[in-house]
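Structural description and commentary
The chain contents come next:
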Amino acid sequence: MKLKEILREVNVPVQCRKYGLSLWQCPQFLFLIMGLIIIVSSLIAYAIGTRYIEEPPLVAVWVLLISAVLFTMAVIITNSFERLAEANRMKSEFISIVSHQLRSPLSNLRWTIELLMSGRLGRIEEKQTEYFKILKENSNRMMELIKDLLIVSRIETAKLPTKKIEFSLEDLVEDLIKEFTPLAQASNVKVKFGSQSDLPKIFADYSQIRLVIENFLDNAIHYIKESGLVEIKIEKRNQNLYFEIKDDGVGIPREDQRYIFQKFFRAENILKYQTQGSGLGLYISKAVVERSGGKIGFSSQEGVGSTFWFTLPIK
Amino acid sequence: MKTILFIEDESVLQKTFGEVLKQEGYEMISALDGKSGLRLAKNKRPDLILLDLILPEMHGFEVLKGLKEDKETKEIPVIVLTNLERIEDIDRALELGATTYLVKAQYSLEEVVEKIKKALEK
């Protein structure tokens with residue numbers, strides 16, 4: 001058991017996974033690289049020393065000195081990296097704990113509101129129903145946010161359960177368009193869908209891909225100001241299916257475009273009139289598509305509209 | 001009258017379900033922790049058990065195991081009602097013999113009541 005623990009301590013990839021970071025951001029890996037650099041530098045210092053300095057003790061001092069300076073630098077750098085990585089890990093843990101802990105009281109709240117609204121405890125006046133509806137809508141919104149936070153926390157800790165199946169992307173899109181029709185109509189938005197015939201199926205996690213398209217549809221409809229058009233198309237491109245959703249909404253300001261897939265990021269122009277939203281949808285979408293072996297991207301112009309796309313491999 | 005044992009440490013839920021199930025014509029017995037839940041199941045032999053998983057004294061999985069290992073309680077259908085939604089937890093509960101697994105956040109109160117009614121009809 002002891003030996004196992006020691007082996008785990010020196011197993012760099014395992015240690016790095018704990019932080020949920022890539023290898024090049026991981027303190028343990030950087031320490032290893034620093035060690036290699038120190039060894040190489042010492043050898044070079046030795047080679048230079050023996051060539052230009054004639055007395056052996058002086059060469060030794062010279063090599064020792066350089067090694068000591070490099071070692072101190074390495075310790076300082078990796079220490080600060082370790083602190084950063086630890087902060088990152090704690091942030092992920094915080095999201096996970098908070099979202100788990102919020103869910104139970106929120107479930108209680110939602111069911112209590114439902115009980116009150118059902119009339120089982122006595123008749124409710126029409127005016128009261130109106131306010132109960134507000135409570136219900138807001139608790140649902142909170143539940144959606146917590147759901148997103150939980151997904152983010154699972155993505156970061158690499159614990160997002162994935163179950164790949166074969167399914168038709170086209171059918172999924174058609175189902176979702178139907179689901180979004182009331183929202184689209186209420187927002188004066190027309191949704192058009194065109195796809196090539198005889199498209200092959202894709203092999204991915206159904207509920208995750210569903211979430212991605214839901215996010216895109218929701219964004220496209222919400223970010224159209226008065227009335228507009230959302231166009232969706234699916235095509236086969238090489239060994240992938242290509243999905244594209246184009247809107248004539250507010251668009252993304254150029255300076256905000258590089259941050260658009262970042263967690264919690266919301267564009268400046270959107271915050272002006274659309275305060276709802278967590279800034280997690282696109283972060284989740286990117287993680288899901290990339291984990292499914294696809295690519296994701298967009299092009300956008302402020303005031304003209306945005307086009308988001310992703311590809312997914314055919315089985 | 002059919003009896004339902006609700007093992008759940010949230011008293012708010014005990015109250016909410018108590019009210020609804022009474023209106024639906026069932027008798028509900030409450031247990032606020034795992035140990036007393038298991039004891040009550042043995043003493044009262046309810047027709048159905050609603051079981052939360054994160055419980056004081058004894059974890060829901062332990063309760064479920066205890067219920068299914070006992071000859072007198074192993075036939076009682078158990079609906080797990082929890083906020084744990086990891087696939088491992090769902091699989092484990094079903095393997096241990098739970099009839100249905102419901103994630104609280106995914107169902108409305110009325111939907112849960114429907115599931116209870118259905119389980120009691122069987």
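About the criteria used
Residues numbered from 1 in each chain as written. Chains lettered and ligands numbered in written order. Predicted model: local features only at pLDDT ≥ 70, side-chain atom pairs only at ≥ 80, totals over all residues. Contact = placed C-beta atoms within 7 Å. Helix = DSSP H or I, 4+ residues; strand = E, 2+ residues; numbered from the N terminus. Nonpolar A, V, L, I, M, F, W, Y, C, P; charged D, E, K, R; others polar. Core = buried A, V, L, I, M, F, W, Y, C linked by C-beta atoms within 7 Å. Buried ≥ 20, exposed ≤ 12 C-beta atoms within 10 Å, placed from the backbone. Axes fitted to C-alpha atoms, helices over the stretch in contact; angles between N-to-C directions. Left-handed = near helix turned anticlockwise from the far one by under 90°. Pairing = 2+ DSSP bridges. pLDDT = per-residue confidence, 0-100. Domains from an automatic or database assignment. Parallel < 35°, antiparallel > 145°, perpendicular 65-115°, else oblique. Expected span 1.5 Å × (residues − 1).

1. What about the interface of chain A and chain B?
Contact residues are listed per partner, giving 11 residues for chain A and 14 residues for chain B. It is helix α4 (residues 56–118) of chain A that provides the largest number of residues to the side of chain A that touches chain B, a total of 8 residues. Here the side of chain A that touches chain B is composed, by residue class, of 4 nonpolar, 4 polar and 3 charged.

2. What about the nonpolar core?
Core analysis: the largest hydrophobic core is formed by 39 residues, its most contacted members being Val212, Phe216, Ala220, Ile221, Val230 and Ile284 of chain A. The biggest single contributor to this core is helix α7 (residues 206–222) of chain A, with 7 residues. Those residues in contact with Val230 of chain A that sit more than four places away from it in its chain are Val189, Val191, Ala220, Ile221, Ile245 and Asp247 of chain A. Core analysis: the second largest hydrophobic core is formed by 32 residues, Leu13, Leu55, Val78 and Ala98 of chain B among them.

3. As for the packing of α7 of chain A against helix α9 (residues 281–291) of chain A
Helix-helix packing is characterised by the crossing angle of the two axes and by the distance between the axes. Residue and element names in this part refer to chain A. In contact at an axis separation of 9 Å, α7 and α9 are set at 145° when each is read in the N-to-C sense. Pair α7 / α9 crosses with left-handed handedness. Contact with α7, carried on its side by Gln208, Leu211, Val212, Asn215 and Asn219, involves Gly281, Leu282, Ile284, Ser285, Val288 and Val289 of α9 and no other residues of that element. Among the residues forming the contact of α7 with α9, the class breakdown is 6 nonpolar, 5 polar and no charged.

4. Describing the sheet that holds strand β7 (residues 305–313) of chain A
Residues and elements named next belong to chain A. Spatially, the 5 strands line up as an open sheet ordered β2-β4-β5-β7-β6, and their pairing is mixed. At either margin of the open sheet sits one strand with a lone partner, and together these are β2 (189–195) and β6 (295–301). With strand direction ignored, the average angle separating the axes of adjacent strands in the sheet is 15°. In terms of strand pairing, strand β5 (residues 240–247) meets β7 through 8 bridges, oriented antiparallel. Directly across from Glu244, in β7, lies its bridge partner Trp309. Contacts from α7 reach β2, β4 (228–237), β5 and β7 within the one sheet, and its direction differs from that of β5 by about 20°. Contacts between α9 and the sheet are confined to β6 and β7, with β6 contributing the most and set at about 140° to the helix.

5. Points about the pairing of strand β2 (residues 27–31) of chain B
Remark: a regular strand shows side chains that alternate across the two faces of the sheet. Where strand β1 (residues 3–7) of chain B lies against β2 of chain B, 5 bridges are found, and the strand directions are parallel. Each residue of the ladder has a partner; that of Thr3 of chain B, found in β2 of chain B, is Glu27 of chain B.

6. Examining the sheet that holds strand β4 (residues 78–82) of chain B
All names here are of chain B. Spatially, 5 strands are ordered β2-β1-β3-β4-β5 in an open sheet, and the strand pairing comes out parallel. Strands at the two margins of the open sheet, each flanked by one partner only, are β2 and β5 (100–103). Within this sheet the neighbouring strands show an average axis-to-axis angle of 20°, counted without direction. Where β1 lies against strand β3 (residues 48–51), 4 bridges are found, and the strand directions are parallel. Bridge pairing in β3 links Leu5 to Ile49.

7. Focus on the confidence of the model for chain B
Scored by pLDDT, chain B has a mean of 93; 100% of the residues are at 70 or more. Across the whole predicted complex the pTM is 0.71, and at the interface the ipTM reaches 0.88.

8. Points about the environment of Asn88 of chain A
Topologically, Asn88 of chain A is positioned in helix α4. In the structure, Asn88 of chain A is positioned 69 residues away from Tyr19 of chain A in sequence and 7.1 Å away in space, judged by C-alpha atoms.

9. Structural notes on the domain arrangement of chain A
Residues and elements named next belong to chain A. According to the domain assignment, chain A consists of domain 1 (1–160) and domain 2 (164–313). Here the C-alpha centroids of domain 1 and domain 2 sit 29 Å apart. Counting residues at the interface gives 5 residues for domain 1 and 6 residues for domain 2. Taken together, the residues of the side of domain 1 that touches domain 2 break down into 4 nonpolar, no polar and 1 charged.

10. Let's talk about the packing of α4 of chain A against helix α5 (residues 126–156) of chain A
Residues and elements named next belong to chain A. At a minimum axis distance of 9 Å, the contact between α4 and α5 shows a crossing angle of 155°. Considered as vectors, α4 and α5 are oriented roughly antiparallel to each other. Handedness of the α4/α5 crossing: left-handed. Per-class residue counts for the contact of α4 with α5 are 15 nonpolar, 6 polar and 4 charged.

11. Regarding α5 of chain A
Residues and elements named next belong to chain A. Relative to the 45 Å expected for 31 residues at 1.5 Å per residue, α5 spans 45 Å between its end C-alpha atoms, a close match to the ideal helical length. The complete set of buried residues in α5 reads Asp148, Leu150, Val152, Ser153, Ile155 and Glu156. Summarising the contacts, the buried residues of α5 are in contact with α4 and α9. Of the residues trailing α5, Ala158 is marked for its positive phi of about 55°.

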